[in-house]
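Letter by letter, the chains look like this.
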Amino acid sequence: MADEAKKKEILEKLRNGVIQYDEDTCKEAAQEALDAGLDANEAIFDGLVSGMEEVGRLFEAQEYFVPEILMCADALYAGLDILKPHCKQMDIGVKGAVVIGTVEGDVHDIGKNLVKMMFDVAGFTVYDLGRDVPLDKFVEEQLKTDSELVCLSAMMTTSMVGMPKVIEKIKEKNPNCMIMIGGAPTSKELADKWGADGYAEDASNALKEAIKMVSFLKKLRDEKAARQQ
Amino acid sequence: MNAEPLKEHLKKEGATLVGVGDVTKALTGEIVHLNRGIALAVNRSLGSETVEQLVKLQRAAEIWLKERGFRSLSIPPDSDRIKGKLIARLYKLFSHKTAATCSGLGWIGKNGLLINKRYGPKLSWATVLTNAPLKPDSPVTESLCGNCDLCVRHCPSGAVTGSIWSRREPFKKLVNYERCRSLKTNRRLFEEKPNCGLCVTICPYSRKGLSNKARSGK
C-alpha cells in the first residue's frame, strides 16, 4: 500500500485534473494511482468524483458553464477509463443496471450524458439508448436486460408527453422497476402524477442528483468498511 | 482589452494568421457567454501534423487567457472527426469560417472555402472562443470573388454553384456537397487519390500567395 502522503498527492491530482478539465493530468494521475498500488475504487471516489462534486458546486455558483462541465466530464472519463478495469465490484447491495435515454422527438442529451457518467462511476451497468429513442425501445430494453432502473430524459414539452406512456408500460410489466425522469419541463408534481420514482430538473440538477446518489453509495461503503473494522 | 499581445504571442508560437472577431451574433445556447472568437490559421494543408500544430496553438491561447482570468473553449481543427467526447456535442455550434470572417481574415469563396487575400484558400483553421473582452478586428462582410468563376468551371463534379457569399446571407448554398462527396466515393472505387482539391489550387488567390513566397525568396 502506498504511503499516506503519496496517496493524498495522487488523489489531489485526480481531483484537480477534473476541476481544471485537464484530461492529460487525469490520465497521468490515474496511472500513478495504479502504479502506487492505490485502490481503484478509492481513486475514483475520493479523487475523480470528489473533483466532480466541486465542479457541481462551481456550476451552481455560476463560475462554470455547460462547456466547462462537459470538459470536466471528459477529463473524468479519461481517468475512469484507466481505473475502471481495476475496480473491484462494489459490494454495497446497490449493484445494478440502468437503462437510460432521451425520449422520442428530443435530441438534447447533455443532462442525460452527465447522469450516465455518474452511473458509470458508481459501477452500474449502463444501457445507453442515446437520444430520440422510440418509446417502446425503453420497455423492450428494460425487459431484455432486467434493469432495476430506467431513466427518461427530455428537454422539450412536446417530447416529454411520451414519458407517462413509457412509465405505464414498464410498471405494468415490471412493477418493481424504478423510473427516474429528468429535463427542463419535468417537475416533482409530474413525476408523482405519472408514477415515476424520482426526478431531476435539468443538467445541473441531474448532475447534483446523480452526485448525491453516488455520494450516498460512498457513505454506505464507508459505513460498511467501518463496521467491518 | 488590447488583443495585440495575444496575437504577437501566438504568431511567435507559429501561427501564420491570428484574428479576433466579435462573434456575438453567431452564438447559440450553451456558448453565448463566449463572444469573442480567436481565429488561428497556419499556412499548410490539413494533415495530422497540421492538426497537432493548431492544437498546440490553441493550448497556448487557452493558457494565455486563463492566466488573465478568462475562460475559453477550443474548437479543434478537425472537430467533425472527434467522436466519443461529451464536449464534441458543442463543436458544431460554431464554425471556423465564422470566426475567420468575423476577424476580418477572409471571406467565404464561391468554392465554399475561407479565402484570405494573401494566402487564398490554402490555410488550415482552428478557433478559440473566449469571454475575454478583446478588441475585435473589423469583419469581412462581402465576398471578394468578383466575376471570377474558375472554381465553378473547373470543378469536376459541377458542385460549385457560383453563388456569392455575404455575411447577410450566411445560409446560402455555395457548394453542392453531395456532388463533391460522390466524386470522392467514385474515385475511391478506382483506387485513385480520392481528394480532388482543384477548387483550392485553381483559386487565383492561392497562386498569388505562391508568387508572394517566390518573391520573398522562400
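Draft legend 1. Spotlight on the interface of chain B and chain A. The interface is formed by 13 residues belonging to chain B together with 18 residues belonging to chain A. Interface area for chain B against chain A, summed over the two sides, is near 1,400 Å², with a carbon-plus-sulfur share of 55%. Considering only the surface of chain B that becomes buried against chain A, B:Arg71, B:Leu86 and B:Arg89 emerge as the three largest contributors, covering 45% of it. The interface formed by chain B and chain A holds two salt bridges in total. The residue B:Lys85 makes a salt bridge to A:Glu23 at a minimum N-O spacing of 2.9 Å. Between the two partners, chain B and chain A, sit six residue pairs in polar contact (both at pLDDT 80 or more). Put simply, the parts of the chain that give the side of chain B that touches chain A at least two residues each are strand 3 (72-75) and helix 3 (88-91) of chain B. Grouping the constituent residues of the side of chain B that touches chain A by class yields five nonpolar, two polar and six charged.

Draft legend 2. Representation of unusual backbone geometry within the structure. All names here are of chain A. The backbone phi angle of Gln62 is positive, close to 60 degrees, even though this residue is not glycine. Within the element layout of this structure, Gln62 appears in the loop between helix 3 (40-60) and helix 4 (66-83). The class for Gln62 is exposed, based on a relative accessible area of 58%.

Draft legend 3. Region of interest: the pattern of salt bridges. Residue and element names in this part refer to chain A. Applying the stated rule across the entire model yields 24 salt bridges over all chains. Between Glu28 and Lys13 there is a salt bridge; the shortest N-O distance is 2.8 Å. Here Glu28, found in helix 2 (residues 23-35), pairs with Lys13, found in helix 1 (residues 4-19); they are 15 residues apart in sequence, far enough to count as distant. You can call Glu28 partly exposed: its relative accessible area is 45%. Several salt bridges share partner residues, and in doing so they unite Glu4, Lys7 and Glu42 into one network.

Conventions we followed
Residues numbered from 1 in each chain as written. Chains lettered and ligands numbered in written order. Predicted model: local features only at pLDDT ≥ 70, side-chain atom pairs only at ≥ 80, totals over all residues. Heavy atoms only, no water. Contact = heavy atoms within 4.5 Å. Buried area = accessible area lost by both parts, 1.4 Å probe. Salt bridge = Lys/Arg side-chain N within 4 Å of Asp/Glu carboxyl O. Polar contact = N/O pair within 3.5 Å; in protein donor to acceptor, adjacent residues only side chain to side chain. Helix = DSSP H or I, 4+ residues; strand = E, 2+ residues; numbered from the N terminus. Nonpolar A, V, L, I, M, F, W, Y, C, P; charged D, E, K, R; others polar. Buried < 20%, exposed > 50% of the residue type's maximum accessible area, 1.4 Å probe, protein only.

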